[in-house]
Amino acid sequence: MKISTRGRYALRFMIYLAQHSNGNYIALKDVSENEGISIKYLEQITSLLSKYGLLQSVRGPAGGYKLSRPPEKYTSGEILRVTEGDLSPVSSDENELAAGESGERANTQKFWEGLQKAIDNYLDSVTLQDLVDQSAGQESYMYMI
């Protein structure tokens, strides 16, 4: 399993919205400038996130995006599944082959299922608020002399 740029940028985008949430909509231009992500790429990401109800959007001069619920109600797993699809460490074809075979290959099926469960448990245990808090903690240690 490898998380694509789309998944990583989606997390960064959602963290940005959570950090700058004041009830108003945030323009993609602001996110693009502050996060270094192209507006075109953000449009693709917001389309997916909006389709699945993770964002609210408004068009126009005062438009933009905001979270549809509080940051603690999102999990990193939910966001990544919307942008990445399947987060399985082994392709479903390999899993199906293993399930129908005997011998060494079938013996690894339980291992892959356990790994998938561990990945899902971790991703579903980390909320967007947790990521915001981690980010705030990192910024407090950054200083210049």
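Residues numbered from 1 in each chain as written. Predicted model: local features only at pLDDT ≥ 70, side-chain atom pairs only at ≥ 80, totals over all residues. Heavy atoms only, no water.

1. A look at the overall build of the protein chain
Next up, step 1: Looking only at helices and strands, the protein chain features 8 helices and 2 strands.
Next up, step 2: For the protein chain, the N- to C-terminal ordering of α and β elements is α-α-α-β-β-α-α-α-α-α.
Next up, step 3: Expressed as a percentage of its 145 residues, the buried residues of the protein chain come to 33%.
Next up, step 4: Taking the contacts inside the protein chain whose residues are at least 6 apart along the sequence as the reference set, 67% of them involve residues at least 24 apart. (Helix = DSSP H or I, 4+ residues; strand = E, 2+ residues; numbered from the N terminus. Buried < 20%, exposed > 50% of the residue type's maximum accessible area, 1.4 Å probe, protein only. Contact = heavy atoms within 4.5 Å.)

2. Quick word on the environment of Ala27
Next up, step 1: With respect to the secondary-structure elements, Ala27 resides in the loop between helix 1 (5-19) and helix 2 (28-35).
Next up, step 2: Filtering out sequence-adjacent residues up to four positions away, Ala27 remains in contact with Gly63 and Gly64.

3. Focus on the side chain of Thr83
Next up, step 1: Within the secondary structure layout, Thr83 lies in helix 4 (residues 76-84).
Next up, step 2: Leave out the neighbours within four places in its chain, and Thr83 touches Arg6, Gly7, Ala10, Leu48 and Leu49.

4. Some words on the pattern of salt bridges
Next up, step 1: Going through the model one piece at a time under the given rule, you end up with 5 salt bridges.
Next up, step 2: The partner of Arg69 in a salt bridge is Glu78, with the nearest N and O atoms 2.4 Å apart.
Next up, step 3: For Arg81, the salt bridge goes to Asp120, with nearest N and O atoms at 3.1 Å. Within this pair, whereas Arg81 is found in helix 4, its partner Asp120 is found in helix 7 (residues 109-125), the two being separated by 39 residues in sequence. (Salt bridge = Lys/Arg side-chain N within 4 Å of Asp/Glu carboxyl O.)

5. A short note on the packing of helix 1 against helix 2
Next up, step 1: Relative to each other, helix 1 and helix 2 sit at 115 degrees, their axes nearing to 11 Å. By the angle between their axes, helix 1 is roughly perpendicular relative to helix 2. Two packed elements cross with a definite hand, and for helix 1 against helix 2 that hand is right-handed. In this structure, helix 1 uses Arg12, Phe13 and Tyr16 to contact helix 2, whose residues at the interface are Leu28, Asp30, Val31, Asn34 and Glu35.
Next up, step 2: Across the contact of helix 1 with helix 2, the residue classes tally to 4 nonpolar, 1 polar and 3 charged. (Axes fitted to C-alpha atoms, helices over the stretch in contact; angles between N-to-C directions. Parallel < 35°, antiparallel > 145°, perpendicular 65-115°, else oblique. Left-handed = near helix turned anticlockwise from the far one by under 90°. Nonpolar A, V, L, I, M, F, W, Y, C, P; charged D, E, K, R; others polar.)

So yeah, pure geometry; function would need other evidence.
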